[in-house]
Amino acid sequence: MTTHVACLGDSLTRAQLSTDYLDLLERRHPPGDLRLTRFGANGDFAYNLSRRLDAVVADPPDVITVLIGTNDARASLAGYPVERAMKRKHLPERPSAGWFQQCLGAVVERLRTETDATIGLLSLPVLGQQLDGAAAQASQAYSRVIAEVATTTGAAYLPLHERQTEELRRADPPPIPYREPTPAAGLGVLVRRAVLGRSLDTVARRRGLVLTTDHIHQNSRGAALVAEVIDTWLPTRSR
């Protein structure tokens, strides 16, 4: 029996700048075991996701995974271009942890009301690779908010942040400071990938990054952990 899994999120799910965790998840299963549908949009905040659920409920899945909040967390950091992001993503208010919790709760509530899917909320990938740095701490704080939403809504909590933290501690990477990627940097990654044929792992390796290409988007090692955390949870649902 094929299980239809809808994966909701931002650029990490769209996978233009990240290794495709949907592809890695599918490879962990026999052919035909999963039908994966992708609902990822670059730069999305939880608010944006809450506004584009029509396509998800139109073809109700068996399972829904939600990986959202990285941009909400980034907006809490010094140096993040909040006003530019608000204009580009048509945000009606300034991003905050409280608003993120409200929007994510609204996402789960609608999905619970209009589908019979089992819902899993992933905690955030670690921002940067300095676990005591402001970026990593922000991703941890927003992951706690996700855990609260899971508890209050009855959704499952999928501990991606915890798994990536464990991996980084084991790797003991060089203390490379977090830098907020610019649009030009993102374009540069696309050019290296499409024109020069360089893999995202090559980009990450040259920058000394263990799980990401730019402190945010996942290389194959980071994306494999996303797939692992989802797959570890999948068998526990009622079929």
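Note that the structure is a prediction, hence the values are computed from the model and not measured. (Residues numbered from 1 in each chain as written. Predicted model: local features only at pLDDT ≥ 70, side-chain atom pairs only at ≥ 80, totals over all residues. Heavy atoms only, no water.)

Looking at the sheet that holds strand β3 (residues 63-67)
By way of backbone hydrogen bonds, the strands of a sheet pair with one another, either parallel or antiparallel.
Now for step 1: The sheet built from five strands is open, its strands ordered β2-β1-β3-β4-β5 with parallel pairing. Edge positions in the open sheet fall to β2 (34-40) and β5 (156-158), since each of these has one partner strand only. Strand-to-strand twist in this sheet, taken as the mean axis angle between neighbours without regard to direction, amounts to 20°.
Now for step 2: Pairing of strand β4 (residues 118-122) with β5, which is carried by three bridges, proceeds in the parallel orientation. (Pairing = 2+ DSSP bridges. Helix = DSSP H or I, 4+ residues; strand = E, 2+ residues; numbered from the N terminus. Axes fitted to C-alpha atoms, helices over the stretch in contact; angles between N-to-C directions.)

Notes on the side chain of Thr19
Now for step 1: Mapped onto the elements of the fold, Thr19 is located in the loop between α1 (11-14) and α2 (21-27).
Now for step 2: A distance of 3.2 Å separates a polar side-chain atom of Thr19 from the backbone nitrogen of Ser220.
Now for step 3: Apart from residues lying up to four places away in sequence, Thr19 is in contact with Leu24, Leu200, Gln218, Asn219, Ser220 and Ala223. (Polar contact = N/O pair within 3.5 Å; in protein donor to acceptor, adjacent residues only side chain to side chain. Contact = heavy atoms within 4.5 Å.)

Some words on helix α12 (residues 220-233)
Now for step 1: An ideal rise of 1.5 Å per residue puts 20 Å on 14 residues; α12 measures up with 20 Å between its terminal C-alpha atoms.
Now for step 2: For α12, the secondary structure elements touched by its buried residues are α2, β3, β4, β5 and α9 (160-171).
Now for step 3: Looking at where α12 begins, the residue whose side-chain oxygen comes 3.0 Å from the main-chain nitrogen of Arg221 is Asn219. (Expected span 1.5 Å × (residues − 1).)

Considering the nonpolar core
Now for step 1: Counting 42 residues, the largest nonpolar core has Leu8, Ile64, Leu111 and Leu121 as the members making the most contacts within it.
Now for step 2: Counting only elements with at least two residues in this core, the list comes to β1 (3-9), α3 (46-50), α4 (54-58), β3, α6 (82-88), α7 (97-114), β4 and α8 (134-153).
Now for step 3: Aside from chain neighbours lying at most four places away, what touches Ile64 is Ala6, Leu8, Val56, Leu111, Thr115, Ala117, Thr118, Ile119, Gly120 and Trp233. (Core = buried A, V, L, I, M, F, W, Y, C linked by side-chain atoms within 4.5 Å. Buried < 20%, exposed > 50% of the residue type's maximum accessible area, 1.4 Å probe, protein only.)

Observations regarding the packing of α9 against α12
Now for step 1: Contact pair α9 / α12: the axes reach a minimum separation of 10 Å and the direction vectors enclose 140°. Relative to α12, the element α9 is oriented oblique. The handedness of the crossing between α9 and α12 is right-handed. Here α9 contributes Leu160, Arg163, Gln164, Glu167 and Ala171 to the contact with α12, which in turn contributes Arg221, Gly222, Leu225, Val226, Glu228 and Val229.
Now for step 2: Here the residues of the contact of α9 with α12 are counted per class, giving five nonpolar, two polar and four charged. (Parallel < 35°, antiparallel > 145°, perpendicular 65-115°, else oblique. Left-handed = near helix turned anticlockwise from the far one by under 90°. Nonpolar A, V, L, I, M, F, W, Y, C, P; charged D, E, K, R; others polar.)

Focus on the pairing of β4
Now for step 1: Within β4, four of the five residues are buried, which leaves the element mostly enclosed by the surrounding structure.
Now for step 2: Here β3 runs beside β4; their pairing, made up of four bridges, is parallel. Bridging from a neighbouring strand, Thr65 pairs with Gly120 of β4.
Now for step 3: Since β4 and β5 lie parallel, the crossover through α8 that links them has a hand, and here it is right-handed. (Right-handed = clockwise from strand over helix to strand, strands pointing away.)

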